[in-house]
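# A closer look at the structure
Residues per chain, in single letters:
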Amino acid sequence: MEIYLDANATTPVLPQARAAALAVMADAYGNPSSIHGSGLKARALLDEARAAARQVLEVPSGQLLFTSGATEGIQTAVLSALTALRQRRESGDSSPMQLLYGATEHKAVPEALKHWNAVLGLHLPVTAIPVGIDGRHDLAWLRTQAPSAGLVCTMAANNETGVVSDLDGIADALRGSPALWLVDGVQALGKLALQPVERGIDYAPFSGHKLYAPKGVGMLYVREGAPFTPLLAGGGQEGALRAGTENMAGIAALGAVLRALQDGSSFANAATMAAHRSQLEAALRDAFAGLVFNAPPALCLPTTLNFSVPGLSAKLLLDLFDAAGLRVSGGSACSASKAQPSYVLEAMGLPAWQTAAAVRMSFGAADSAEMIAEACQRIRACGAALRANCLVEAPEDTAHGAAPLLTRFVVDGACCYLLADAASQRCVVVDPLPELVGRLAQWLRCRGFTLAAVLDTHSHGDHASSAAELRAAVPAALQAAGAVDALGWPQGATQIDLGAYRLSRLALPGHTADSTAYLLHEGAQLQLALVGDTVLPGALGRSDFAQSAPLAYADSLRLLAETVGPQTLLLPGHDYDHRFACTLAVEAAAQPLLAGVLQGQLDAAAFAAAKAALEQDLAPTAYQTMACGARVEAATPAACVELPAARAQALQQAGSAALLVDVREPYEQQLGQAPGMDEGASSQAVPLSGLLNALPQWLALPADTPVVFYCRSGNRSAQAAHALRRLGHHQAFSVAGGLALWPERAPASVSAVFQEQIVDRF
């Protein structure tokens, strides 16, 4: 059972609201503009809903029109205010006018201001009202700007942090100002007394789906006498304020919610919601040591908690909560390439780690005490899962799973590797990154492994090595003694022993003069090579740094080929496209320059010259970091790897040879498993961070064996499938949509023909 704790994003529809909407669609489906009996019934429903809204909002006067939601209401209010400002200007008013909005406003507000400011040709200054570290508006600043303001936009309560604005203070700061005042009331509806009339609010938009009504219905309050310009003109509906036939099903549902607010039968009171919040706060503090709430609880809605945990990213926490069936949201927006810090928390002046790692947990007034209790239990289980997997401090008697041989960490395309031998309890870190120092040190303290070495594959051009920082963070008792060279290799050593494994090194000057590969052997067998940026998936490391040795690069590539052969897995120092590993055979087929060197067609000088031409004016990566290699792989569209969840489940239960692989991290796997994943086809749990451990096994499978990866959403499993295909196993798939779309019941059967279609289709 999922527990929904993202009520600030949207809410389920209240049963009474569903019933009201269905009744309208089934019986009272008339057009409220019609004058026959069906239309009059619809008109009566419309009037009843509006009357309920006036009572809840305490607005006996002014206009109250139904809209499609808050975004439309904001657009209408901004258009109305700016049209009035233009009329003032056209009438000869030359006084300065600026448009002000809270720095933490929902993006709908500043975007509407910019849009209509440009469309109406006003080109007025648009300025953010600063906020303090508590998230509240700087009233002293506002007071000084109010005389020159034309429109001021503030939220009643912030959707991300839950901070409640000091509306009385804002009203006082605007006293005597010519400015119109828009208050976004979305998060206030049903939680706060907005008092629009008493406070002199000119416009207040609301959205139904934030309070148990369906999506697509909302309201806009307009103070009596406030300027108004319809956003939609047409048939004169809503008293000619908003054209278009009314959404009667949505309005009826919203009316039912508003009546439920009035009678108190469905929603918790303020004291109960505060008690629920306290329970969740306590569970979070129990689960996550050092947790920080990003806004003062006393100033927040009782239904919203925004927090960050030192050392844990927002993505990690979201994956963790989702595995436990807790639906929460990140406190930041995401772009295609990386998570962006929360602009709300940045505006509050919070430290960068908090703004980038924030998580929002929000519940609704209709949520039961039983649901909150279950949520608290699961939150504490999340903390236990992190402790069991050494991501946070844990008591000495905590049981930990076996450490994998190889763990990969990636930060903005840069790769760091942890090689660990469980039998000898010795480990090596290769290419440490500053962002990972705390996590790696925590892992070492938790497991008690000896840190045999901290190695760099080369002197880095895009960041400083954090080897010294990592060593300083690890207790001396957990470190091997002895002097090391500039890259961290123990002086005088020919190899580093890790139980049955050993590391040797191979000098490969080119990318930098000190570029080195580390070769991992088990007995006499070479397992893999960590090659830094000498060979990257789809690229070769750039050699235009001051510390590069471009004329030595070609000979280094030939030496690497002689030493490791064409099929040994090569682990790169950077992986911008989630390829995980490569081989010289795969890269030679994709990269003409590499093939030319290995086939003897290019000498060192010709190779260096061709490579220098590629590296001119290299653009930054998608992460806005320095590109450490020029891509030379032909740009071919990626093959489709997605397999619909129903087909994946049918394939599994049909007893086929398919291998299902869960690539979620161990702390996620500990908290939840897909229904039926342990039935039928064989299955494995191989976290994405440990994917490299299983690649050789999968590459050795018969060519027609489907390997079907799955994760929470389908993103990580798609990475695994693409990586395996690129390395040569073409029957690799990803469950589309991940566990979120995994069907509750599998189809009854699947034919052999259908199985063949699954294999042959891709």
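Residues numbered from 1 in each chain as written. Predicted model: local features only at pLDDT ≥ 70, side-chain atom pairs only at ≥ 80, totals over all residues. Heavy atoms only, no water.

Moving on to the packing of aromatic side chains. In the structure shown here, the tally under the stated rule is eight aromatic pairs. Ring geometry for Y212 against F267: centres 5.5 Å apart, planes inclined by 45°, an arrangement best described as tilted. Note that Y212 is positioned in the loop between β7 (203-207) and β8 (218-222) and F267 in the loop between α9 (248-263) and α10 (270-287), a separation of 55 residues in sequence. Look at F293 and F307: their rings are 6.5 Å apart centre to centre, the planes differ by 80°, and that puts the pair in the edge-to-face class. (Phe/Tyr/Trp six-rings, centres within 6.5 Å; stacked < 30°, edge-to-face > 60°. Helix = DSSP H or I, 4+ residues; strand = E, 2+ residues; numbered from the N terminus.)

Geometry of a packed helix pair, given as the angle between the helix axes and the separation of the axes. Packing of helix α17 (residues 553-564) against helix α20 (residues 604-614) brings their axes to within 8 Å, and their N-to-C directions diverge by 110°. One element, α17, and the other, α20, form an angle in the roughly perpendicular class. Contacts between α17 and α20 involve Y553, A554 and L557 from the first element and A604, F607 and K611 from the second. When grouped by side-chain class, the residues that make up the contact of α17 with α20 number five nonpolar, no polar and one charged. (Axes fitted to C-alpha atoms, helices over the stretch in contact; angles between N-to-C directions. Parallel < 35°, antiparallel > 145°, perpendicular 65-115°, else oblique. Contact = heavy atoms within 4.5 Å. Nonpolar A, V, L, I, M, F, W, Y, C, P; charged D, E, K, R; others polar.)

This part takes up the environment of S177. Relative to the assigned elements, S177 resides in the loop between α6 (167-173) and β6 (180-184). S177 sits 306 residues away from A483 along the chain, and the two C-alpha atoms are 71 Å apart. Looking at S177, its side chain comes within polar contact range of the main-chain nitrogen of A179, at 3.0 Å. (Polar contact = N/O pair within 3.5 Å; in protein donor to acceptor, adjacent residues only side chain to side chain.)

What follows deals with the sheet that holds strand β28 (residues 682-685). Taken in spatial order, the five strands make up an open sheet running β26-β30-β29-β27-β28, and their pairing is parallel. With one partner strand each, in any of the chains shown, β26 (642-643) and β28 form the two edges of the open sheet. Sheet topology note: the strand β27 (residues 659-662)/β28 ladder contains four bridges and is parallel. Directly across from L660, in β28, lies its bridge partner S683. (Pairing = 2+ DSSP bridges.)

Attention now goes to the side chain of S177. Judged by its relative accessible area of 16%, S177 is buried. Those residues in contact with S177, other than ones at most four positions away along the chain, are A146, P147 and A149. (Buried < 20%, exposed > 50% of the residue type's maximum accessible area, 1.4 Å probe, protein only.)

We now examine the sheet that holds strand β22 (residues 535-536). Spatially, three strands are ordered β22-β23-β25 in an open sheet, and the strand pairing comes out antiparallel. Two strands close off the open sheet at either side, each with one partner strand: β22 and β25 (629-631). Direction of pairing for β22 relative to strand β23 (residues 539-541): antiparallel, over a ladder of two bridges. Residue pairing across strands places V535 opposite L540, the latter belonging to β23.

Here we take up the pattern of salt bridges. On inspection of all chains with the given rule, the structure shows 28 salt bridges. Taking the shortest distance from any N to any O, the salt bridge between D544 and R542 comes out at 2.8 Å. We classify R542 as buried; its relative accessible area is 11%. For the salt bridge of D662 with R664, the shortest nitrogen-to-oxygen distance reads 2.9 Å. In this structure, D662 and R664 share a single accessibility class: buried. Beyond isolated ion pairs, a larger network of salt bridges with shared partners links E2, K315, D319, D322, R327, E668, R712 and R716. (Salt bridge = Lys/Arg side-chain N within 4 Å of Asp/Glu carboxyl O.)

Should the pLDDT be low somewhere, the predicted coordinates at that spot are not to be read in detail. Taken residue by residue, the protein gives an average pLDDT of 91. The fraction at 70 or more is 93%. This stretch, residues 332-338, has a pLDDT under 50; its non-local contacts, to residues over four places away or in other chains, come to 13 contacts. (pLDDT = per-residue confidence, 0-100.)

Taken as a whole and assessed by the stated rule, the structure comprises one disulfide. With its sulfur 2.1 Å from that of its partner, C390 forms a disulfide with C446. Across the S-S bond linking C390 and C446, the dihedral sits near -65°, which makes this disulfide left-handed. Taken together, the positions of C390 in the loop between α14 (369-388) and β14 (406-411) and C446 in helix α15 (residues 437-447) put the pair 56 residues apart, joining distant regions of the chain. Its relative accessible area of 2% is what places C390 among the buried residues. In this model C416 remains outside any disulfide bridge; the closest cysteine sulfur is found in C415, 8.9 Å from its own. (Disulfide = S-S within 2.5 Å.)

So, on to the pairing of strand β29 (residues 707-710). Burial of β29 is two-sided: the residues V707 and F709 facing one way and the residues V708 and Y710 facing the other way are all buried. Two elements, β27 and β29, share four bridges in a ladder whose sense is parallel. The partner of D662 across the bridge, within β29, is Y710. The sheet contact formed by β29 and strand β30 (residues 732-735) spans three bridges and is parallel.

One non-glycine residue, Q195, lies in the positive phi region at around 50°. At Q624, a position not held by glycine, the phi torsion is positive, near 60°. Here Q624 is to be found in the loop between α20 and β25.

A separate point is the pairing of strand β5 (residues 149-155). Buried residues dominate β5, accounting for seven of its seven residues. By the bridge criterion, four bridges tie strand β3 (residues 98-102) to β5 in an arrangement that is parallel. Bridging across to β5, Y101 finds its partner in C153. Bridge count between β5 and β6: five bridges; the pairing is parallel. Along β6, the bridge assignment pairs L151 with L180. Remark: the β5/α6/β6 crossover connection has right-handed handedness. (Right-handed = clockwise from strand over helix to strand, strands pointing away.)

What follows covers α10. Taking 1.5 Å per residue as the helical rise, α10 with its 18 residues ought to reach 26 Å, and the 26 Å between its terminal C-alpha atoms agrees with that figure. All of the buried residues along α10 are M273, H276, R277, L280, E281, A283, L284 and A287. Each buried residue of α10 lies within a common arc of 165° when the element is viewed along its axis, so the set occupies one face. Of the surrounding secondary structure, the elements contacted by the buried residues of α10 are β9 (292-293), β10 (304-308), α11 (314-323), β13 (359-362) and α14. (Expected span 1.5 Å × (residues − 1). Arc of directions from axis to C-beta.)

Before going further, it helps to examine the nonpolar core. The nonpolar side chains of a soluble globular protein tend to be buried with one another. Ranked by internal contacts, the top residues of the largest apolar core, which has 90 residues, are M219, L284, F288, F321 and I379. It is α9 that contributes the most residues to this core, ten residues altogether. Every residue in contact with I379, bar those within four places of it in the chain, is listed here: L280, A283, L284, A287, F288, F321, L326 and M361. Residues F580, A581, A694 and F709 belong to the second largest nonpolar core, which totals 45 residues. (Core = buried A, V, L, I, M, F, W, Y, C linked by side-chain atoms within 4.5 Å.)

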